[in-house]
Amino acid sequence: MQDKKDLIIESTTLWDFPRQNYGKTAHGDNKYNGVTPAFIIWNLLQRYTEEGDLVVDPMCGSGTTIDVAKELKRKVIGFDLNIVRNDVIKNDSRNIPLKDNSADFVFIDSPYSNNITYSNDERCIGKISCESIKFYDELEKVIVEIARILKPNKVMSWVIADQWIKKKFTATGFLLWQRLEKYFEPMDIVCITRHNQTSNTSLWHNRARRFNFYLRGFKYLFIMKKNK
Ligand SMILES: C[S@@+](CC[C@H](N)C(=O)[O-])C[C@H]1O[C@@H](n2cnc3c(N)ncnc32)[C@H](O)[C@@H]1O
C-alpha cells in the first residue's frame with residue numbers, strides 16, 4: 001500500500017494511480033461500483049483549496065471526497081441518491097440545496113452512461129445511455145447548479161469517460177465538455193489511467209485486437225473555473 005508520505009502533487013496531465021486508496025485508512029469504499037481513486041481528489045484539493053474551504057461533491061457515492069476533504073481539514077458536503085453511509089445527504093444533484101456562491105471547490109465523478117446500476121432510484125442519471133442527448137441534457141442541469149453554488153473564480157473538476165459498446169464509439173467526454181464550456185472557463189484536461197475495470201482481462205485484450213477496437217485506457221478529468 002502506498003504510504004501517505006509518498007503522496008506528491010502531480011506535475012503533468014497524465015495521472016496513473018495503481019490503487020484506489022492511499023495510506024492506512026479508507027477513503028471511500030473501494031468495493032463501491034465506480035469509486036473514485038482517492039489520489040485524484042487529494043491532488044485537486046492540494047492545488048485548488050485551502051484549510052477551512054467548503055468542498056462539495058453532488059454525486060459522492062461511497063464518500064471518497066468526504067474522507068479526503070476531512071483529512072485535509074476542509075469543510076465538506078456530499079450528496080447522492082444512493083445512500084451507503086450516514087454522512088451523505090440524499091439529494092438529486094439537478095437541484096442542490098446550497099446557497100449561490102457558497103462553495104470553494106466542487107468535485108464530481110458522474111455516471112458515464114448506463115453501464116453501472118447504482119440504485120433503483122429512477123432519478124439516477126446512470127439509467128440514461130450516453131448515446132442519448134437526454135444524458136447531456138440532464139447533466140447540464142447539474143452543471144447549472146454547480147455554476148450557481150460555486151464562488152466566482154473558484155474551480156470545479158469532473159471525471160468522465162468515453163464509451164465503446166456494441167461496435168459504437170461515443171465521445172462522451174467531448175460531448176460533456178461542450179456543455180461545461182457554456183458555464184465555465186477551461187483550465188486543463190488530465191488523463192487518468194484506468195485500472196481494474198472488468199474488461200481488463202486477456203480475453204478482452206485479445207478480442208480488441210481480433211475485432212479491431214480499443215479498450216478504454218483512460219478517463220478524463222476536466223478542470224474548469226467559474227469566472228463571474
Ligand atoms: C461514479 S459514482 C461516484 C463515485 C464516488 N465519487 C465515490 O468515490 O464513491 C456516480 C454516482 O452518481 C450518483 N448519481 C447518479 N445520478 C444522480 C443524481 N441525479 N443525483 C445525485 N447522485 C446521482 C450515483 O448514485 C453514483 O453514486
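Residues numbered from 1 in each chain as written. Predicted model: local features only at pLDDT ≥ 70, side-chain atom pairs only at ≥ 80, totals over all residues. Heavy atoms only, no water.

Draft legend 1. Broad picture of the pattern of salt bridges. By the definition in use, this model includes 16 salt bridges. With a closest N to O distance of 2.9 Å, D121 and R123 form a salt bridge. Under the relative-accessibility criterion, D121 is labelled buried at 15%. Linking R179 and E140 is a salt bridge whose minimum nitrogen-to-oxygen distance equals 2.6 Å. Here the residue R179 occupies a position in helix α4 (residues 172-180), and E140 occupies one in helix α3 (residues 133-149), the gap between them amounting to 39 residues. Sharing partners across several salt bridges, the network here consists of D92, R94, K134, E138 and K141. (Salt bridge = Lys/Arg side-chain N within 4 Å of Asp/Glu carboxyl O. Buried < 20%, exposed > 50% of the residue type's maximum accessible area, 1.4 Å probe, protein only. Helix = DSSP H or I, 4+ residues; strand = E, 2+ residues; numbered from the N terminus.)

Draft legend 2. Looking closely at the site of the ligand. If you check the shell around the ligand, you find 24 residues, and the closest are Y32, T36, S62, T64 and D80. At 2.7 Å from an oxygen atom of the ligand is found a side-chain nitrogen or oxygen belonging to S62. Take D92: an N or O atom from its side chain is 3.1 Å from a nitrogen atom of the ligand. When isolated, the ligand has an accessible area of 610 Å², and the protein chains bury 100% of it. Taken together, the residues that form the shell around the ligand break down as 10 nonpolar, 9 polar and 5 charged. (Near = heavy atom within 4 Å. Polar contact = N/O pair within 3.5 Å; in protein donor to acceptor, adjacent residues only side chain to side chain. Areas by Shrake-Rupley, 256 points an atom, 1.4 Å probe, with all protein chains shown as cover. Nonpolar A, V, L, I, M, F, W, Y, C, P; charged D, E, K, R; others polar.)

Draft legend 3. Examining the nonpolar core more closely. Residues I146, M156, W158, L180, F184 and L221 are the most contacted members of the largest nonpolar core, which totals 60 residues. With 8 residues, the single largest contributor to this core is α3. When near neighbours in sequence (up to four residues on either side) are disregarded, L180 contacts I143, M156, W158, F222 and M224. (Core = buried A, V, L, I, M, F, W, Y, C linked by side-chain atoms within 4.5 Å. Contact = heavy atoms within 4.5 Å.)

Draft legend 4. A look at the pairing of strand β3 (residues 75-80). One ladder, built from 4 bridges, connects strand β2 (residues 54-57) with β3; its direction is parallel. Residue pairing for β3: V55 is matched across the bridge by V76. On the question of chirality, the crossover connecting β2 to the parallel β3 by way of helix α2 (residues 64-71) is right-handed. Looking at chain direction, β3 and strand β4 (residues 88-90) are connected through 3 bridges and run parallel. Each bridged residue has a counterpart across the sheet, and for G78 the counterpart in β4 is V88. (Pairing = 2+ DSSP bridges. Right-handed = clockwise from strand over helix to strand, strands pointing away.)

Draft legend 5. Inspection of the sheet that holds strand β1 (residues 14-15) at higher detail. Pairing is mixed across the open sheet formed by 8 strands, whose spatial order is β1-β9-β10-β6-β5-β2-β3-β4. Each end of this open sheet is capped by a strand with a single partner; those strands are β1 and β4. In the sheet, β2 pairs with strand β5 (residues 103-109) via 2 bridges, with the strands oriented parallel. Its bridge partner being in β5, V55 is matched across the sheet by F105. Sheet strands touched by helix α1 (residues 38-48): β1, β2, β5, β6 (150-160), β9 (185-193) and β10 (218-225). Its angle to β5, the strand with the most contacts, is close to 160 degrees. Contacts from α3 reach β2, β5 and β6, with the element oriented near 150 degrees to β6. (Axes fitted to C-alpha atoms, helices over the stretch in contact; angles between N-to-C directions.)

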